Amino acid sequence: ALLLAAVVIGVAKSGFGGGIGVLAVPLVANALPADVAVGVMLPVLIGADLVAIAQHRRHRSGRHLAPALWGAAVGIVLGLGLMFQLGGRSADSTTSSGEATARLALVLQLAVGAITLVMVALQLYRMAGGRLGRVPDNAKAGGGAGLIAGFVSTLAHAAGPVMTLYWLETRMDKRRLVATLVVFFFAVNLLKVPGYLWLDLIDTTTLKLSAVMLVVVPIGSLLGARLHDRVPEKPFTAVMYAGAAVAGARMLWQALA
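A quick note: this is a predicted structure, and the numbers were derived from the prediction, not measured.

Thresholds applied
Residues numbered from 1 in each chain as written. Predicted model: local features only at pLDDT ≥ 70, side-chain atom pairs only at ≥ 80, totals over all residues. Heavy atoms only, no water. Phe/Tyr/Trp six-rings, centres within 6.5 Å; stacked < 30°, edge-to-face > 60°. Helix = DSSP H or I, 4+ residues; strand = E, 2+ residues; numbered from the N terminus. Core = buried A, V, L, I, M, F, W, Y, C linked by side-chain atoms within 4.5 Å. Buried < 20%, exposed > 50% of the residue type's maximum accessible area, 1.4 Å probe, protein only. Contact = heavy atoms within 4.5 Å. Axes fitted to C-alpha atoms, helices over the stretch in contact; angles between N-to-C directions. Parallel < 35°, antiparallel > 145°, perpendicular 65-115°, else oblique. Left-handed = near helix turned anticlockwise from the far one by under 90°. Salt bridge = Lys/Arg side-chain N within 4 Å of Asp/Glu carboxyl O. pLDDT = per-residue confidence, 0-100. Expected span 1.5 Å × (residues − 1). Bend = angle between axes of the 7 residues up to and from the residue. Polar contact = N/O pair within 3.5 Å; in protein donor to acceptor, adjacent residues only side chain to side chain.

1. Describing the packing of aromatic side chains
Phase 1 of the analysis: Counted under the stated rule, the structure contains three aromatic pairs.
Phase 2 of the analysis: Ring geometry for phenylalanine 16 against phenylalanine 236: centres 5.5 Å apart, planes inclined by 15°, an arrangement best described as stacked. Here phenylalanine 16, found in helix H1 (residues 2–16), pairs with phenylalanine 236, found in helix H10 (residues 233–256); they are 220 residues apart in sequence, far enough to count as distant.
Phase 3 of the analysis: Clustering of aromatic rings is evident, with ring pairs tying together Trp167, Phe184 and Phe185.

And the structure:
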C-alpha cells in the first residue's frame, strides 16, 4: 500500500502539481497510524517535489511565487504561534493542547473543504455559461492565498486545494501551473521539517519507511511527466478541479464524521 501510495504521489506531483495526491491518502491511512503516517509522508512529499521541480524547473512563475511564499511564511508563523498558545494546560482546563489543536484542525478542514466545493461549483457554473468575476491576479491576492495556505497547512495539512484553485483562477497554462505549485509546496514542506522533528514525528523508524517509499517515487514521477505532456489543456484543468473537489469532499467527511 505504501509503495503504491508513493507511485501515486509521484504521478500527482509531476503530472498535476499534487492535484490528485489525495488518492494516496486512503492507502497510507490504511497502512499506518495517523501520527506515524504524517512523519513518514513528509520526506516522501519533499522527494517527489524535488523530482517534479527538476522536470518543470524552467516554467515556474516567479511573479506568482514570490508573494505566495511570503504569505505562506507569515501563515506558518501564525499557525505555530497559535499552536504555542494552545500548548500547556491550565489547572482548571478540561481540554489538552493536543485536543484543542485537533479540534481547530477539524474546523479548518470543514471550512477549507466547504470553500473548495463552492469554488469548484462556481467553475462548473462558468462552464455552463454563467458569468462570474474572477479572483484578482495580483501580489496582494497571491499573498493572501499563500497566508491561508501556510496557516492551514501548519494546523491541518490541508492547503493543497487553496493554492490549486487560486492559481487555476489566474488561468496559467498547465506547465507553468504545475511548476509553480511544486516549488510552492516544496518550500512549505521544508518549513514543516523543524516542527516535525521537534514533535518527534520524524525519527529513524519513520525515515526507514520513507526511504523505502522514495525508491519508487521516480517511477510515478516519470509516469506523471508523460501524462502531463499528453493530456491536453482542457482535460488537464478538469482533472485539477476534480482533484480539488475530491480533496474538499474528503475534508468535509473527516470533519463531520
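Still more ground to cover, so stick around.
2. Here's the deal with the nonpolar core
Phase 1 of the analysis: Counting 45 residues, the largest nonpolar core has Met163, Trp167, Leu177, Leu181, Phe184, Phe236 and Met240 as its most contacted members.
Phase 2 of the analysis: Elements represented by at least two residues in this core include exactly H1, helix H3 (34–56), helix H4 (62–86), helix H5 (97–127), helix H6 (139–156), helix H7 (160–169), helix H8 (174–198) and H10.
Phase 3 of the analysis: Setting aside chain neighbours within four positions, we find phenylalanine 184 in contact with Leu65, Ala68, Leu69, Ala72, Gly146, Ala149, Met163 and Trp167.

3. Quick look at the packing of H1 against helix H9 (residues 204–230)
Phase 1 of the analysis: The contact between H1 and H9 brings their axes to 6 Å, and the two run at 40°. Classed by the angle they form, the pair H1 and H9 counts as oblique. Seen from above, H1 lies across H9 with right-handed handedness. Listed contacts from H9 to Leu2, Leu3, Ala5, Ala6, Val7, Gly10, Val11, Ser14 and Gly15 of H1 are Leu209, Val212, Met213, Val216, Val217, Gly220, Ser221, Leu223, Gly224, Ala225, Leu227 and His228.

4. With respect to unusual backbone geometry
Most peptide bonds are trans, and most residues other than glycine sit at a negative phi.
Phase 1 of the analysis: One non-glycine residue, arginine 171, adopts positive backbone phi at about 60°.
Phase 2 of the analysis: Among the secondary structure elements, arginine 171 is positioned in the loop between H7 and H8.
Phase 3 of the analysis: Looking at arginine 171, the relative accessible area reads 62%, which means it is exposed.

5. Concerning the pattern of salt bridges
Phase 1 of the analysis: Using the criterion set out here, one finds four salt bridges in the structure.
Phase 2 of the analysis: Among the salt bridges present, the one from aspartate 173 reaches arginine 176, with a minimum N-O distance of 3.8 Å.
Phase 3 of the analysis: Note on aspartate 173: relative accessible area 37%, which makes it partly exposed.
Phase 4 of the analysis: The partner of arginine 175 in a salt bridge is aspartate 229, and the shortest N-O contact between them spans 2.4 Å. Residue arginine 175 is found in helix H8, and its partner aspartate 229 is found in helix H9; the two are separated by 54 residues along the sequence.

6. Brief notes about the environment of alanine 111
Phase 1 of the analysis: Position of alanine 111 among the secondary structure elements: in helix H5.
Phase 2 of the analysis: Note on alanine 111: relative accessible area 34%, which makes it partly exposed.
Phase 3 of the analysis: Considering only alpha carbons, one finds alanine 111 and methionine 251, 140 residues apart in sequence, at a separation of 8.8 Å.

7. Let's talk about the confidence of the model for the chain
Phase 1 of the analysis: Per-chain confidence: the chain averages 84 in pLDDT, with 91% of residues scoring 70 or above.
Phase 2 of the analysis: Highest mean pLDDT in the chain belongs to H9 (95); lowest belongs to H5 (75).
Phase 3 of the analysis: For residues 88–97, every residue scores under 50 in pLDDT, and the model assigns this stretch nine contacts once sequence neighbours within four places are set aside.

8. A few points about the side chain of serine 221
Phase 1 of the analysis: Mapped onto the elements of the fold, serine 221 is located in helix H9.
Phase 2 of the analysis: In contact with serine 221, other than residues within four places in its own chain, are Gly10, Val11, Ser14, Val51 and Gln55.

9. Some points on H9
Phase 1 of the analysis: Between its first and last C-alpha, H9 extends 39 Å over 27 residues, near the 39 Å set by a 1.5 Å rise per residue.
Phase 2 of the analysis: Helix geometry: H9 is bent most strongly at valine 216, by close to 35°, with proline proline 218 lying one to four residues after it.
Phase 3 of the analysis: Among the residues of H9, those classed as buried are Thr206, Ser210, Met213, Val216, Val217, Gly220, Ser221, Gly224, Ala225 and His228.
Phase 4 of the analysis: With a side-chain oxygen lying 3.1 Å from the backbone nitrogen of threonine 205, the N-terminal cap of H9 falls on aspartate 203.

10. Notes on the environment of tyrosine 125
Phase 1 of the analysis: As for its placement among the helices and strands, tyrosine 125 is situated in helix H5.
Phase 2 of the analysis: Note on tyrosine 125: relative accessible area 45%, which makes it partly exposed.
Phase 3 of the analysis: It is 28 Å that separates the C-alpha atoms of tyrosine 125 and alanine 179, two residues lying 54 residues apart in sequence.
Phase 4 of the analysis: For tyrosine 125, the contacting residues outside a window of four places in its chain are Gly130, Arg131 and Leu132.

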